[in-house]
Amino acid sequence: MGLLLAIVTLLASASDLQDRCWMWGHDTGAFDGPKNAYNIPVSEPVSMADAIRAFGVRNVCVVRWSPPGADSEYLEQFRTVPRIGWLVASGYSKPEKNSSLTEGALAMLDRLPNLTTFEVDDFFRLDLPTGTVEIAGEKVPVAHAAYTIGELKALRRRIAAAGRRFAPPPELRLVLYAKDLAGPVRPYFDCFDSITLWTWDGDDLASLERNFRRYREMAPEKPTYLGVYMWDFGGKRPISMDFMRHQLEVGLDLFRKGEIEGLIFHCTPLVNKKLAAVEFAKR
């Protein structure tokens, strides 16, 4: 009886984890085309919806820079996806580009009742001058970011006032890189419903546990996802299998302890390239 209970508990946990896994989604060719900057192998096109089915997760973050929205034919692929995220801002864009992304995301609200999350990507620029913001009557330093805290509060008001007919407003989720922890980024956290912590450089995965603890000291209660790269974008090469195993082991341990809400795998164009890291993560 004890063994049966253990098996049932394990299967339930696996199902729960699968339901709370996402993939970061890009259209094929967005950065994996011929002569791409990251040395990623070229493969046949794969849609985001087909990619998550092939990989075995249920939810997808739709990241499109141009066009920022989508037509009905494109959106049809997401009709049966339980939860969708949509890019609402990207820090390396010009201000007018972020405005376009925001308007494009807001236009998706009534067209996608399963749109549960707005994604804010590449938000911080630690190489640019630090500013200040007044919090509780005291001026504190803040990192340069795609949107100011005031602009984020205005965006949240727009999201809340959107008046969706069939679903509640989506949450706002921040992409945070481990390297961002070196800057004054904490004041922004209260503007977001959840945060995804990513490690851009494969070699930095050796410090994953230490960086997560450092992050938790800054945001002890914030709902958090662990971002899992399956290609070393910082090194522009396949990710070390030792590091791939390590980040999955850490992620599973954090999930079982209730310290993260789930995992987000990067990314949909990688699923059909026969990469060892992708196949290992899939298994």
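One can find the structure itself at the top, above this paragraph.
A. Geometry of the overall build of the protein chain. Scanning the protein chain from terminus to terminus reveals eight helices and 12 strands. Taken against the 2.2 N^0.38 rule, which gives 19 Å for 283 residues, the C-alpha radius of gyration of the protein chain at 19 Å falls within 12% of a compact globule. In the protein chain, of all internal contacts separated by at least 6 residues, the share reaching a separation of at least 24 is 70%. As displayed, the protein chain has an accessible area near 13700 Å², and 54% of this comes from carbon and sulfur atoms. In the protein chain, which carries 35 positive and 36 negative side-chain charges, the distance between the mean positions of the two groups comes to 2 Å.

B. Quick look at the layout of surface pockets. Taken as a whole, the second largest pocket spans an internal volume of roughly 330 Å³. The wall of the second largest pocket is formed by 18 residues, among which Tyr-38, Asp-121, Asp-122, Tyr-177 and Trp-200 lie closest to the centre. By residue class, the composition of the lining of the second largest pocket is 12 nonpolar, three polar and three charged.

C. Representation of the nonpolar core. With 93 residues, the main nonpolar core has Trp-86, Phe-118, Phe-123 and Phe-265 as its most contacted residues. Excluding its chain neighbours within four sequence positions, the residues that come into contact with Phe-123 are Gly-91, His-144, Ala-145, Ala-146, Tyr-147, Leu-152, Leu-174, Val-175, Tyr-188 and Phe-192.

D. Quick peek at unusual backbone geometry. Across the junction of Ser-66 and Pro-67, the peptide omega takes the value -5°, indicating a cis bond. Its location among the elements puts Pro-67 in the loop between β2 (59–62) and α3 (72–75). In this model, His-266 is joined to Cys-267 through a cis peptide bond whose omega is 5°. The topology assignment puts Cys-267 in the loop between β12 (262–266) and α8 (276–282). Residues other than glycine seldom take positive phi values, yet Asp-122 does so here, at roughly 45°. Positive phi values are uncommon outside glycine, yet Lys-236 reaches one of about 55°. Along the chain, the position of Lys-236 falls in the loop between β11 (224–229) and α7 (241–256).

E. Representation of the environment of Asn-272. Tracing the sequence through the fold places Asn-272 in the loop between β12 and α8. What Asn-272 contacts, discounting residues up to four positions off in sequence, is Ser-43, Glu-44, Pro-45 and Val-46. One polar contact links Asn-272 to Ser-43, side chain to side chain, over a distance of 3.0 Å. A polar side-chain atom of Asn-272 sits 2.8 Å from the main-chain carbonyl oxygen of Glu-44.

F. View of the packing of aromatic side chains. Counted by the stated rule, this structure contains 18 aromatic pairs. Judged by centre distance (5.9 Å) and plane angle (70°), the rings of Trp-24 and Trp-198 are edge-to-face. Note that Trp-24 is positioned in strand β1 (residues 21–25) and Trp-198 in strand β10 (residues 194–198), a separation of 174 residues in sequence. When sorted by exposure, Trp-24 lands in the same class as Trp-198, which is buried. In this structure an aromatic cluster arises from ring pairing among Trp-24, Phe-31, Tyr-38, Tyr-177, Trp-198, Trp-200, Tyr-229 and Phe-233. Over the face of the ring belonging to Trp-22 we find Arg-173, whose NZ or CZ atom lies 4.3 Å from the ring centre. Here the guanidinium or amino end of Arg-173 rests over the ring plane of Tyr-225, the centre of that ring lying 4.7 Å away.

Procedures and definitions
- Residues numbered from 1 in each chain as written.
- Predicted model: local features only at pLDDT ≥ 70, side-chain atom pairs only at ≥ 80, totals over all residues.
- Heavy atoms only, no water.
- Helix = DSSP H or I, 4+ residues; strand = E, 2+ residues; numbered from the N terminus.
- Rg over C-alpha atoms; globule rule 2.2 N^0.38 Å.
- Contact = heavy atoms within 4.5 Å.
- Areas by Shrake-Rupley, 256 points an atom, 1.4 Å probe, with all protein chains shown as cover.
- Lys, Arg positive; Asp, Glu negative; His and termini not counted.
- Charge placed at Lys NZ, Arg CZ, Asp CG, Glu CD.
- 1 Å grid on protein atoms, 1.4 Å probe; cavity = no way out; pocket = protein on both sides within 12 Å on 5 of 7 lines; lining within 4 Å.
- Points joined across faces, edges and corners; volume = space filled by probe spheres on them.
- Nonpolar A, V, L, I, M, F, W, Y, C, P; charged D, E, K, R; others polar.
- Core = buried A, V, L, I, M, F, W, Y, C linked by side-chain atoms within 4.5 Å.
- Buried < 20%, exposed > 50% of the residue type's maximum accessible area, 1.4 Å probe, protein only.
- Polar contact = N/O pair within 3.5 Å; in protein donor to acceptor, adjacent residues only side chain to side chain.
- Phe/Tyr/Trp six-rings, centres within 6.5 Å; stacked < 30°, edge-to-face > 60°.
- Lys NZ or Arg CZ within 6 Å of the ring centre and 35° of its normal.

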